[in-house]
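Tertiary structure, described
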Amino acid sequence: MAKLLELKADLEGDDAKHQFVLKTAKGTRDYSPKQMAIREKVFNTIISCFKRHGAETIDTPVFELKETLTDKYGEDSKLIYDLKDQGGELLSLRYDLTVPFARYLAMNKITNIKRYHIAKVYRRDNPAMTRGRYREFYQCDYDIAGQYDAMIPDAECLKIVYEILSELDLGDFRIKVNDRRILDGMFAVCGVPDDKFRTICSTVDKMDKMSWEDVKKEMVNEKGLSEETADQIGEYVSKQGGMDLAERLLQDQKMSQSKQACAGLSDIKLLFSYLQLFQVTDKVVFDLSLARGLDYYTGIIYEAMLTQARVTLASAEAQKATPAEESVSVGSVAGGGRYDGLVGMFDPKGREVPCVGVSIGIERIFSIMEQKAEASAEKVRTTEVQIMVASAQKNLLEERLKLVNELWNAGIKAEVMYKKDPKLLSQLQHCEESGIPLVAILGEQELKDGVIKLRVVATREEADISRADLIAEIRRRTSEA
């Protein structure tokens, strides 16, 4: 016995040393019912847009073989979560949904599909959770795979971004467009060595976060470019425009020397002609500084930015922040591009399937929607209950259960209080708090007369409805709401 007590004391001593802190892992979060209601609304908007454009959906495993993900993400590869060896297979958590999609196409020998995929991905990033950056987060991807005529599917991807951001009503936005071939051609004519294209590309990609001076410094001091080459790049990456800019660059003395750049510029012109037909050119800008760091892009690339993305923080950590950090820019809310070579990397015979796609930055969008909900007085409903079955007197539990069962069987979203004899006032208060629009009130007199008292919670109007007509009446009133 003494030994057991000694052991218990030792264990408790250890406990005191390692005090367990109840919290979520770094870069992750829980979602409350209110947050989930907002999230569901956003998902529904996005999914209905994807479906409107004829997409079907797939799912893939959360972890892939490590070698599936290796060498696909350039400098971002260091952010991949590797799992411990689980008996012979080296695995990693998926970093995005695009590489698993390419693996899926190659494995199943699929040469054309239009699919959307909404699922969680994992990045060992330094989380900035107030800006919607996490280590575990959802991605919403839409991709068109197949051999089609130039720029038609690409234009549709941009139309989809335009529709989703307009429908979610997040404020003004811009969609920046560029082409990897234009970037590579530009690097070549400016004198960047071939082996430095990708690394310089990832530096240019930082231009939305850093000043040109800092970007230039990184190119020269860290990446070893000459000042002259960096300055030439600087002249081009400061240019923005539309179809007119593409035409000017096709005439540019230097750029016109690069076949690659000319092919990209011709496609940008074609893209803008389709975007005019889709009526989205008011939000699209051809921006030579857009680089998108991922290695697998081969052609057109794009990114959507909110131009009014100054969002006040609402989290507890934010309240402790210094005044300078109180409002943050959410930045990019969607991005994508063409990746014609990715599927071929997985195919044993190297058969390529051209692909173009877009990823909607759901977490960032969600951060804004959440803060908009906090700022507005409008109550967010977390359930869809249409009617509460209540009683005005005691001893009516059986009648309430019978009625709620009838409503459920008719497909009506209904609720009943889990008490034998609840007070009418507390039942009505529950409806007001939960946003339930209707109450069916049972009383002895109503039961004798074969009616139900139907009460509208918002106006407190009441009407006696015959039991036989109740379901039709509830349907009528809830469809009008």
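That block above? That's the structure.
Source: prediction; values computed, not measured.

Applying the stated criterion to the full structure yields one cavity of 30 Å³ or more. Along its surface, the largest cavity is lined by Thr28, Arg29, Tyr31, Arg39, Lys120, Glu136, Phe137, Tyr138 and Glu363. Among the elements that take part in the lining of the largest cavity, strand 5 (residues 136-145) stands out by supplying three residues, more than any other. Split by residue class, the lining of the largest cavity holds three nonpolar, one polar and five charged.

Let's shift gears to the packing of helix 2 (residues 33-52) against helix 5 (residues 152-168). Here helix 2 crosses helix 5 at 150°, and the two axes come no closer than 10 Å. By crossing handedness, the relation of helix 2 to helix 5 is classed as right-handed. Here Val42, Thr45, Ile46, Cys49, Phe50 and Arg52 of helix 2 lie close against helix 5, whose contacting residues are Ile160, Glu163, Ile164, Glu167 and Leu168.

Now for helix 18 (residues 470-480). An α-helical turn contains 3.6 residues, so a residue and the one three or four places further along point in the same direction. Listed in full, the buried residues belonging to helix 18 are Leu470, Glu473 and Ile474. The buried residues of helix 18 occupy one face: seen down the axis, they fall within an arc of 100°. For helix 18, exposure combined with an orientation more than 90 degrees from the buried face picks out Ala472, Ser479 and Glu480. Summarising the contacts, the buried residues of helix 18 are in contact with strand 14 (387-391), helix 15 (397-409), strand 16 (438-442), strand 17 (451-456) and strand 18 (462-466).

To continue, consider the sheet that holds strand 9 (residues 300-306). The sheet built from nine strands is open, its strands ordered 1-4-5-13-12-9-6-8-7 with mixed pairing. The open sheet has two free edges, formed respectively by strand 1 (56-57) and strand 7 (240-241), since each of these has just one partner strand. The pairing of strand 4 (residues 113-122) with strand 5 spans ten bridges and is classified as antiparallel. Paired with Ile113 across the two strands is Ala145, which belongs to strand 5. Strand contacts of helix 2: strand 4, strand 5 and strand 13 (355-360), with the helix running at about 10° to strand 5, the strand carrying the most contacts.

What follows deals with helix 4 (residues 98-107). Buried residues dominate helix 4, accounting for eight of its ten residues. Here helix 4 has its buried residues at Thr98, Val99, Pro100, Phe101, Ala102, Arg103, Leu105 and Ala106. The inward-facing, buried residues of helix 4 abut strand 2 (63-65), helix 3 (66-69), strand 4, strand 5, helix 13 (342-346) and strand 13.

Looking now at the sheet that holds strand 18. One open sheet accounts for five strands, arranged 15-14-16-17-18; its pairing is mixed. Among the strands making up the open sheet, the edge pair consists of strand 15 (414-416) and strand 18. On average, adjacent strands in this sheet sit at an angle of 30° to one another, irrespective of strand direction. Looking at chain direction, strand 17 and strand 18 are connected through five bridges and run antiparallel. What sits directly across from Val451, in strand 18, is Ser466. Its contacts with the sheet place helix 16 (residues 424-434) against strand 14, strand 15, strand 16 and strand 17, and it is angled at close to 170° to strand 14.

This brings us to the pattern of salt bridges. One pass over the structure, following the stated rule, counts 35 salt bridges. Lys283 is paired through a salt bridge with Asp172; the nearest N and O atoms lie 2.6 Å apart. Remark: Asp172 occurs in the loop between helix 5 and strand 6 (173-179) and Lys283 occurs in the loop between helix 11 (259-277) and strand 8 (284-287); sequence separation between them is 111 residues. Classification of Lys283 as buried rests on a relative accessible area of 17%. Look at Asp172 and you get partly exposed, because its relative accessible area is 24%.

About the thresholds
- Residues numbered from 1 in each chain as written.
- Predicted model: local features only at pLDDT ≥ 70, side-chain atom pairs only at ≥ 80, totals over all residues.
- Heavy atoms only, no water.
- 1 Å grid on protein atoms, 1.4 Å probe; cavity = no way out; pocket = protein on both sides within 12 Å on 5 of 7 lines; lining within 4 Å.
- Points joined across faces, edges and corners; volume = space filled by probe spheres on them.
- Helix = DSSP H or I, 4+ residues; strand = E, 2+ residues; numbered from the N terminus.
- Nonpolar A, V, L, I, M, F, W, Y, C, P; charged D, E, K, R; others polar.
- Axes fitted to C-alpha atoms, helices over the stretch in contact; angles between N-to-C directions.
- Left-handed = near helix turned anticlockwise from the far one by under 90°.
- Contact = heavy atoms within 4.5 Å.
- Buried < 20%, exposed > 50% of the residue type's maximum accessible area, 1.4 Å probe, protein only.
- Arc of directions from axis to C-beta.
- Pairing = 2+ DSSP bridges.
- Salt bridge = Lys/Arg side-chain N within 4 Å of Asp/Glu carboxyl O.

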